[in-house]
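Listed here are the chains, written in short residue letters.
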Amino acid sequence: MISPTSGSGPFCLNPETIGAFAVNTPFLLEHEGVVKMLFIASLDGDDHERNYDLYLMPGKNAQPRKVLSFHDCVHNPWVVRENGFYRLYITVMENAYDPARYRSSIRTFTSTDLVTWRHEAEVIAGNDTFPEVEGVSVIKGEDDRYVGYFTVAAAGDKGHPRFSENYTVFYAYSDDGIRFGEWHWPEGMDPVPGESDRGLYKPNIYQVGPSDYACFVSVVPWLHRFHLMVYRSRDLSRWDKLGPWLPPNPEPGTTHALKATLFRGHLTYALRDQQFRTWIRTVPVNLTELCPDWKRYHTPFRL
């Protein structure tokens with residue numbers, strides 16, 4: 001068990017703070033001059049993340065509040081700031097423990113205040129080949145098209161896509177942020193024997209400069225693969241691997257890190273133990289250490 005007093009910095013969160021078993025997939029953003037954090041939390045025990053709700057931490061070290069409830073397993077909130085409102089993308093896993101009825105999709109909600117959300121549409125769904133789809137990150141390219149990167153999986157030898165360990169990253173384009181077209185495989189994001197034998201998981205894409213993009217992604221299998229892999233692209237379709245990023249000073253019992261999101265020179269990510277308990281940490285990151293060419297973009301920030 002991780003000590004509830006561990007990780008006392010800004011936007012570090014232990015599940016005990018809100019009476020949860022697990023908190024994860026964090027996302028930082030600024031609203032009305034205040035940095036806030038969206039994340040998901042499971043309150044109903046250790047049944048491998050059975051049900052989650054969406055929470056908002058309204059400021060650093062502020063008490064979180066629930067802002068969106070679900071009856072299914074949900075993951076990976078991602079927000080795009082639009083003209084006058086926010087668009088939330090989130091993975092919804094219906095009937096997560098029934099392979100015969102299981103269905104996975106990415107849906108979008110809208111809000112003007114990050115508190116009240118209205119369902120808008122289902123934007124990406126699994127298919128017969130890849131019934132599992134999750135972990136989307138969406139940005140606008142320099143041509144004003146939306147680009148969504150996400151993970152897909154087949155059932156493989158697990159008998160259920162929810163528990164697959166065979167993951168593939170795809171991306172798709174959209175003109176409106178809602179209707180995404182044909183899936184494309186990103187060149188350069190190949191599984192590497194001995195490193196990511198079963199694929200890459202939950203890619204997070206960021207623009208660090210003009211025609212310059214970063215991707216932070218988990219490697220699979222996770223156990224004893226504690227690091228995240230960092231990639232660079234100049235066109236959002238072809239990627240060069242820069243190398244691993246290792247979270248500093250992990251608590252005892254940590255098995256792996258996942259879903260690192262970049263905001264103002266900080267990475268916010270989840271850590272997990274063997275009981276699938278998760279907690280959130282935020283640390284400063286020097287972009288120059290990840291890629292020397294990014295020195296021009298690195299500015300020290302304080303949250």
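Up top is the structure.
Residues numbered from 1 in each chain as written. Predicted model: local features only at pLDDT ≥ 70, side-chain atom pairs only at ≥ 80, totals over all residues. Heavy atoms only, no water.

Peer 1: Mind showing me how you'd approach the layout of surface pockets here?
Peer 2: Counted as a void, the largest pocket has a volume near 660 Å³. Taken together, 25 residues make up the lining of the largest pocket; nearest its centre are Phe27, Tyr206, Gln207, Leu262 and Phe263. Taken together, the residues of the lining of the largest pocket sort by class into 17 nonpolar, four polar and four charged. (1 Å grid on protein atoms, 1.4 Å probe; cavity = no way out; pocket = protein on both sides within 12 Å on 5 of 7 lines; lining within 4 Å. Points joined across faces, edges and corners; volume = space filled by probe spheres on them. Nonpolar A, V, L, I, M, F, W, Y, C, P; charged D, E, K, R; others polar.)

Peer 1: Would you mind going over unusual backbone geometry with me for this structure?
Peer 2: One can expect most non-glycine residues to show negative phi and most peptide bonds to be in trans. Positioned with a positive phi, Thr25 is a non-glycine residue whose angle comes to about 40°. By secondary structure assignment, the location of Thr25 is in strand S1 (residues 22-31). Phi at Leu114 is positive, roughly 70°, even though this residue is not glycine. Note on placement: Leu114 falls in the loop between strand S7 (103-111) and strand S8 (118-125). (Helix = DSSP H or I, 4+ residues; strand = E, 2+ residues; numbered from the N terminus.)

Peer 1: Any chance you could explain the sheet that holds strand S12 (residues 200-209) here in plain terms?
Peer 2: Either a parallel or an antiparallel arrangement is found when strands of a sheet pair, and the pairing is made through backbone hydrogen bonds. An order of S12-S13-S14-S15 is seen for the four strands of this open sheet, with the pairing classed as antiparallel. This sheet does not close on itself; its edge strands, each paired only once, are S12 and strand S15 (239-245). The sheet shows a mean angle of 25° between the axes of neighbouring strands, taken without regard to direction. Note: strand S13 (residues 212-219) against strand S14 (residues 228-233), six bridges, orientation antiparallel. Residue pairing for S14: Ala214 is matched across the bridge by Arg232. (Pairing = 2+ DSSP bridges. Axes fitted to C-alpha atoms, helices over the stretch in contact; angles between N-to-C directions.)

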